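The primary structure of each chain is shown beneath.
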Number of protein chains: 2
Amino acid sequence: MSFVKGIERVALAVPDLDEAQAFFEQWFGAVFQPEETIEDMGIRYRPFTVGASKMELLQATREDSPVARFLEQHGGPGVHHITFEVEDLDAALAELERRGGRVAYRHTYAEGVTFEGYAWREAFIHPKDAFGVLIHLAEKHPVTDASDGP
Amino acid sequence: MSFVKGIERVALAVPDLDEAQAFFEQWFGAVFQPEETIEDMGIRYRPFTVGASKMELLQATREDSPVARFLEQHGGPGVHHITFEVEDLDAALAELERRGGRVAYRHTYAEGVTFEGYAWREAFIHPKDAFGVLIHLAEKHPVTDASDGP
């Protein structure tokens, strides 16, 4: 049994959101949602669906953004992270620890901050631990009063 | 609208299947299916589920395998490809071409060859075209007479 519900999305780091969006729309008929900005992480991102699945495109807003570092280290665009959705982040992290797992960091948003109409609680597993993959563990809850984004 | 049904799986290239399997089992409670070998591509792979989602681990069977080249060029393990499932590969490729898209190559199996109990028809879009992501387009059909693998 897994405490992971499944892959919520696959996120790609790109140098230019417009160019990458045009590609996924043109080639695959992807449907994009509005752009969001996470200023304290230095990223802008655009979620989209391709068929029944969700993906997102990420672009750095400043040079010290983890997305800027990814593009430099990776030598170009590519898969930045995979989001594993969990029901309850605290329980998931406790279970992960019990299994000998290790969380690289936990990212906390200010009260009331939402993205895509959801409140998020999240943590990350380092790619060095996870065979080159940055794993994003996320618990998300729809919010009714959706004054979106920060 | 998209001719893509959704992400069928995310495949990771690793140097050692056993080690990577132990990690995904231990940390996330992943459930593995039997290993398959695709000899003409020089790969062994193990499909698995994590929650409701499918992933797979890939290992090279020889030095000229695309997975061996990936590990060298990428400098280690990581996301090797994403599989987009399509209903009808011929129709999907015709639609992709109509949209200005480009297929890097189409891979054809001998009649009767199955993997995981499915007959597969597949093509690949080059990562240079797709923002660093190797996109695997796959049509799969369950087979009743499942003498699995080649």
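Description of the structure in this document.

What counts, and where the lines are drawn
Residues numbered from 1 in each chain as written. Chains lettered and ligands numbered in written order. Predicted model: local features only at pLDDT ≥ 70, side-chain atom pairs only at ≥ 80, totals over all residues. Heavy atoms only, no water. Helix = DSSP H or I, 4+ residues; strand = E, 2+ residues; numbered from the N terminus. Rg over C-alpha atoms; globule rule 2.2 N^0.38 Å. Contact = heavy atoms within 4.5 Å. Least-squares fit on C-alpha atoms with pLDDT ≥ 70 in both. Buried < 20%, exposed > 50% of the residue type's maximum accessible area, 1.4 Å probe, protein only. Salt bridge = Lys/Arg side-chain N within 4 Å of Asp/Glu carboxyl O.

Comments concerning the overall build of chain A
- When you go through chain A residue by residue, the secondary structure sums to three helices and nine strands.
- Starting at the N terminus and walking to the C terminus, you meet the elements of chain A as β-α-β-β-β-β-α-β-α-β-β-β.
- Against the globule reference of 15 Å for 150 residues, chain A gives a C-alpha radius of gyration of 15 Å, in line with a compact fold.
- Taken along its principal axes, the extent of the C-alpha atoms in chain A is 45 × 40 × 30 Å.

Looking at the side chain of A:Ser53
- Mapping A:Ser53 onto the fold places it in strand S5 (residues 53-60).
- Apart from residues no more than four positions distant in its own chain, A:Ser53 is found in contact with A:Phe48, B:Gly6 and B:Ile7.

As for the relation of the copies chain B and chain A
- Superposition record for chain B on chain A: RMSD 0.0 Å, screw rotation 180 degrees, translation along axis 0.0 Å. Both chain copies can therefore be described as sitting about a two-fold axis. Residue B:Val79, judged by its C-alpha, is the member of chain B lying nearest the rotation axis, at 3.5 Å.
- Comparing interface residues between copies, 100% of those in chain B also lie at the interface in chain A; the contact surface is shared.

A short note on unusual backbone geometry
Residue and element names in this part refer to chain A.
- Positive phi, normally seen in glycine, also occurs at phenylalanine 131, with a value near 55 degrees.
- Checked against the element boundaries, phenylalanine 131 lands in the loop between strand S8 (118-125) and strand S9 (135-142).
- Residue class for phenylalanine 131 comes out buried when judged on its relative accessible area of 11%.

Looking at the pattern of salt bridges
- Per the stated rule, a full pass over the model turns up 36 salt bridges over all chains.
- With its nearest N and O atoms 2.9 Å apart, the salt bridge here joins B:Asp18 to B:Arg46. Here the residue B:Asp18 occupies a position in helix H1 (residues 17-28), and B:Arg46 occupies one in strand S4 (residues 43-50), the gap between them amounting to 28 residues.
- Taking the relative accessible area as the measure of exposure, B:Asp18 reaches 51% and is therefore exposed.
- Of the charged contacts, one joins B:Asp90 and B:Arg121 as a salt bridge, the two residues approaching to 3.2 Å between their closest N and O atoms. Placement of the pair is B:Asp90 in helix H3 (residues 89-98) and B:Arg121 in strand S8 (residues 118-125), with a sequence separation of 31 residues.
- Note on B:Asp90: relative accessible area 40%, which makes it partly exposed.
- Accessibility expressed as a relative area gives 29% for B:Arg121, which makes it partly exposed.
- When salt bridges that share partners are traced, they join A:Glu8, A:Arg9, A:Lys54, A:Glu56, A:Glu116 and A:Lys140 into one network.

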